[in-house]
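Below, each chain spelled out in residue letters.
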Amino acid sequence: MGMSSKLSDAWLTLNRKKTITEDFHETPLKRCLSTLDLTLLGIGHMIGAGIYVLTGTVVKDLAGPAAILSYVFAAFAAILAALCYAEFGARVPKAGSAYSYTYVTLGEVWGFIIGWNILLEHLLGASSVARAWSGGLDSMFNGAIKNSTLKNIGYLSHNNEWISDYPDFVAFAATIAVFFVVATGAKFAMNFNNFFTVINLIVIVIIIALGFTYADVKNWKEHGGFFPYGFGGTWAGAATCFYAYIGFEGVATASEEAKNPEKSVPIATILSLGIVTVLYVLVTCVLTLMVPYTDVNPTAAFPFAFAQQGAEWAKYVVALGTLFGITTSLLGGAFSLPRAVYSMASDGLLFQIFAYVHPKTQTPIWGILCFGFISALMALLFEIETLVEFMSIGTILAYTIVAVSVIILRYAPVHKCQFKLKPQEETAADDVSMREDSAIMKKSKSHDDFGRLKDHLKHLPILKSFDPGNATILAILVMVVAIICFCAILVPGYHHLANGAWWAITLEIIFGAIIVLCFLTLVAHEKNDAFLTFQIPLVPLIPCLSIFCNITLMMKLNYLTWIRLAIWLVIGLALYFLYGVWHSKERQTSQYGEIVGYTGDANISCSTISKMGEEIIEQQPKRAEGEQVHIGAGAEFS
């Protein structure tokens, strides 16, 4: 076997796609979650402590009263990503979320990379939220827990950005407790989440209603007006506010346990995002109307604001809401983490023990126990603030890949589509009574047209030579590269554009033109809009805008974050090549397929076929036991 053949086989192995079988929707997990359960899971996962902590920081340091618009802009970017998740969540209702979508659409190695990043996101997310829960509880006792630990145990480190100053036993215990709740079963965990989420929502509504009674519009007019930091500050605030919406993918992760995922996942995803956006906007309105943005305390924005109005008791209401909010966020991460592990293990890409589902609780028990302990250990020892940004890059990367997958799937030719489609509409072409040039009856789009150039563009040079679907794949890949280059100049190199550097402006024009050209290439092809499940509108516009927003946000991250991501990916790829690639279920399927499959390449000559005949034998009477039977039937090929 030549080198080129080996490379070709390796490429096919890395890009083999997950097969959609007849029993694809069957699962050992219990389908017991309603649309309400999924909606409250999304709300609880997103709203967390961000509404109490993040809002004050954005208002004080980045945008002022314009933080209201920052949340709106961030919600727009989040909704673009959520729509892409909703389409795949309804079509591929699996616990792996973005991992499963990428595996089905792009291939195995890309699915593993996304899945590996999702594990990191949920692992760090649960640990960091547990630390926040401990901090919230400690604040109610004026730091007594921290001081007591330092006095009796001592310091773990001094001013280390990785290791915590002290072992946080409260965070450790909280993490263990929440993972125990998750292990008892999906329905019990959701009831637990629903209770705490509803309490948190009630607290937020009380804060909003009470806050508006102290509102003063002059706080939006004085102290620099509504845009004290300019529009640039509003955009910078939006980039920070985007992370407040991270968590909606938890709805997609729970889709394998939904009663009716085709309907529940899209509704719950969009509904939870909409509710959270309204709450963030109203809370920010209340805060900026109660006190001037210059007087906001970033670490305790609402208690301080109410204290200035003479309502000292509000401190305890806010503290209660903070603890309930963090609890639901912690539960969301603890719920999603073992299910992401289970999904990868059930495909053979992680150790098989993590695919075991307990027959009584119908939960991936070993994944819960193992990764729950790891998460608790991290909450005990590590200073998670530095890792939160590290967590974000993996999440945004997953959002980007899902958007790319939507485009590739929508423009794939019908023979590469594994999903059921709507029946093809009848055309008027067979009606001989209709004139051929009739303007009343138009020819409907055939399934065979998917991925091909539109009728009036079939003679476009270069594009007409591509096989169906190939031109759109190339276009989206070139577009992603062009967007990366465009944003690399726009975000880190913005000062060059502001100073009028000719080379920066020229490069932006070139990359912008490439982006537009690739987008027009996509529009020139027929897209698949015949899926039976939820489909997002305005494809390819919405996924392309999502890709642009996500890459812009990634460019704002610290370069050290990219280095940490590279190290994490090297570890993951080592695991994949040493274990996953050899134990993949798709590898086993393809091996058996080679034994029983017929490729149509049999070398049978016409003379051989002509000699084959069929001998018709009358039905024989039942033979006696031990009687020999002589079979003399050939086969006729047609």
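Residues numbered from 1 in each chain as written. Predicted model: local features only at pLDDT ≥ 70, side-chain atom pairs only at ≥ 80, totals over all residues. Heavy atoms only, no water.

**Topic: the overall build of the protein**
Operational definition: Numbering goes from the N terminus for both helices and strands, where a helix is a DSSP run of H or I of at least four residues and a strand is a run of E of at least two. In this analysis, two residues are considered to be in contact whenever any of their non-hydrogen atoms come within 4.5 Å of each other. Per-residue accessibility takes into account occlusion by the displayed protein chains alone, with areas from the Shrake-Rupley method and a 1.4 Å probe.
Along the protein, the regular secondary structure elements total 24 helices and zero strands. Counting contacts in the protein only where the partners sit at least 6 residues apart, residues at least 24 apart contribute 82% of the total. Accessible surface computed for the protein: about 30500 Å², of which carbon and sulfur atoms make up 65%.

**Overview of the pattern of salt bridges**
Side chains bearing opposite charge may pair, as long as their charged atoms lie close to each other. What counts, and what does not: Take a side-chain nitrogen of Lys or Arg and a carboxyl oxygen of Asp or Glu: if they are within 4 Å of each other, that pair is a salt bridge.
Tallying each qualifying case throughout the model produces ten salt bridges. Among the ionic pairs, Lys-94 bridges to Glu-256, the shortest N-O distance being 3.9 Å. On the criterion of sequence distance, the pair formed by Lys-94 in the loop between helix 4 (67–91) and helix 5 (98–105) and Glu-256 in the loop between helix 12 (249–253) and helix 13 (261–290) is long-range, its members being 162 residues apart. Taken together, the salt bridges that share partners define one network made up of Glu-87, Arg-91 and Arg-410.

**Observations concerning the packing of aromatic side chains**
The geometry of two aromatic rings is summed up by the distance between their centres and the angle between their planes. Stated formally: Ring pairs shown here join Phe, Tyr and Trp side chains whose ring centres sit within 6.5 Å, with only the six-membered ring taken for Trp; geometry is labelled stacked below 30 degrees between planes, edge-to-face above 60, and tilted in between. Exposure classes here rest on a 1.4 Å probe applied to the protein chains alone. A residue is buried below 20% of its type maximum, exposed above 50%, and partly exposed in between. Only when the NZ of Lys or the CZ of Arg is both within 6 Å of the ring centre and within 35 degrees of the ring normal is a charge said to sit over the ring.
Using the criterion set out here, one finds 26 aromatic pairs in the structure. Ring centres of Phe-248 and Tyr-399 lie 5.1 Å apart, and the angle between their planes is 25°; on these two criteria the pair is classed as stacked. Of the two residues, Phe-248 sits in the loop between helix 11 (230–241) and helix 12 while Tyr-399 sits in helix 17 (residues 385–410), which places them 151 residues apart along the sequence. We note that Phe-248, like Tyr-399, is buried. Among the aromatic residues, those joined into a ring-pair cluster are Tyr-85, Phe-88, Tyr-101, Phe-242, Phe-248 and Tyr-399. The cationic tip of Arg-91 hangs over the ring face of Phe-419; the distance from NZ or CZ to the ring centre is 6.0 Å. Lying across the ring of Tyr-166, Arg-131 places its NZ or CZ 5.8 Å from the centre.

**Concerning helix 2 (residues 35–47)**
The α-helix winds at 3.6 residues per turn, so residues separated by three or four positions along the chain end up facing the same way. Here is the rule we go by: Take the residue count of a helix, subtract one, and multiply by 1.5 Å to get its expected span.
When the terminal C-alpha atoms of helix 2 are compared, their 18 Å separation across 13 residues agrees well with the 18 Å that a helix rising 1.5 Å per residue should span. Counting buried residues in helix 2 gives eleven out of 13 residues, a clear majority hidden from the surface. Listed as buried for helix 2 are Asp-37, Leu-38, Thr-39, Leu-40, Leu-41, Gly-42, Ile-43, Gly-44, His-45, Met-46 and Ile-47. In this structure, the buried residues of helix 2 make contact with helix 3 (50–63), helix 9 (186–212), helix 12, helix 13 and helix 15 (314–346). Just beyond helix 2, the residue with positive phi is Gly-48, at close to 35°.

**A short note on the packing of helix 9 against helix 13**
Here is the rule we go by: The angle between two axes is taken between their N-to-C directions and runs from 0 to 180 degrees, where each axis is a line fitted to C-alpha atoms and a helix contributes only its stretch in contact. Throughout, a crossing is termed right-handed when the near helix is turned clockwise from the far one, and left-handed when it is turned anticlockwise from it by less than a right angle. Nonpolar residues are Ala, Val, Leu, Ile, Met, Phe, Trp, Tyr, Cys and Pro. Charged residues are Asp, Glu, Lys and Arg, and all others, Gly as well, are polar.
Between helix 9 and helix 13, the shortest axis-to-axis distance is 9 Å and the interhelical angle comes to 35°. Judged by the sense of rotation from one axis to the other, the crossing of helix 9 with helix 13 is left-handed. Together, Leu-201, Ile-204, Ile-207, Ile-208, Gly-211 and Phe-212 of helix 9 and Leu-279, Leu-282, Val-283, Cys-285, Val-286, Leu-289 and Met-290 of helix 13 make up the contact between the two elements. Among the residues making up the contact of helix 9 with helix 13, the classes are represented as twelve nonpolar, one polar and no charged.

**Focus: the nonpolar core**
In plain terms, the rule: Side-chain atoms within 4.5 Å are what join buried Ala, Val, Leu, Ile, Met, Phe, Trp, Tyr and Cys residues into a set we call a nonpolar core.
Counting residues in each nonpolar core, the largest one holds 166 residues, and the members touching the most others are Tyr-85, Tyr-245, Phe-335 and Ile-547. With 14 residues, helix 4 is the single largest residue contributor to this core. When residues no more than four places from it in sequence are discounted, the contact partners of Phe-335 are Leu-33, Leu-41, Val-182, Ala-186, Ala-189, Met-190, Ala-254 and Glu-257.

**Looking at the confidence of the model for the protein**
For clarity, the threshold we go by: Residue-level confidence of the predictor is summarised by pLDDT, bounded by 0 at the bottom and 100 at the top.
Residue-level pLDDT values for the protein average 82, and 87% of them are 70 or greater. The weakest mean pLDDT in the protein belongs to helix 24 (residues 606–611) at 45; the strongest belongs to helix 20 (residues 502–523) at 95.

**Some words on unusual backbone geometry**
Here the amide bond leading from Val-539 into Pro-540 is cis, since omega sits at 15°, within 30 degrees of zero. If you trace the backbone, Pro-540 turns up in the loop between helix 20 and helix 21 (541–555). Even without a glycine there, the phi angle at His-223 is positive, about 55°. Relative to the elements of secondary structure, His-223 occurs in the loop between helix 10 (218–221) and helix 11. A relative accessible area of 39% means that His-223 is categorised as partly exposed. You will see that Leu-538, though not glycine, has its phi angle at about 55°, which is positive.

**Here we look at the environment of Val-539**
Within the fold, Val-539 resides in the loop between helix 20 and helix 21. Owing to a relative accessible area of 7%, Val-539 belongs among the buried residues under this scheme. In this structure, the C-alpha to C-alpha distance between Val-539 and Tyr-411, residues 128 residues apart in sequence, is 9.8 Å.

**Section: the environment of Thr-27**
Secondary-structure assignment places Thr-27 in the loop between helix 1 (3–14) and helix 2. Judged by relative accessible area, which is 21%, Thr-27 ranks as partly exposed. Taking the C-alpha atoms as reference points, Thr-27 and Lys-94, 67 residues apart in sequence, are found 8.8 Å from one another. With residues up to four places along the chain from it excluded, the contact list for Thr-27 reads Glu-256 and Tyr-342.

**Details of the environment of His-447**
Heads up, the rule is: N or O atoms closer than or at 3.5 Å make up a polar contact, with two conditions inside protein: a donor-capable atom paired with an acceptor-capable one, and, for residues adjacent in sequence, both atoms drawn from side chains.
Positionally, His-447 belongs in the loop between helix 17 and helix 18 (470–490). For His-447, a relative accessible area of 14% puts it in the buried group. A sequence separation of 82 residues divides His-447 from Asp-529, and the C-alpha atoms of the two residues are 9.5 Å apart. Not counting residues up to four positions away in its chain, the partners in contact with His-447 are Val-414, Leu-421, Lys-422, Pro-423, Gln-424 and Ala-530. A distance of 3.2 Å separates the side chain of His-447 from the backbone oxygen of Lys-422, its partner in a polar contact.

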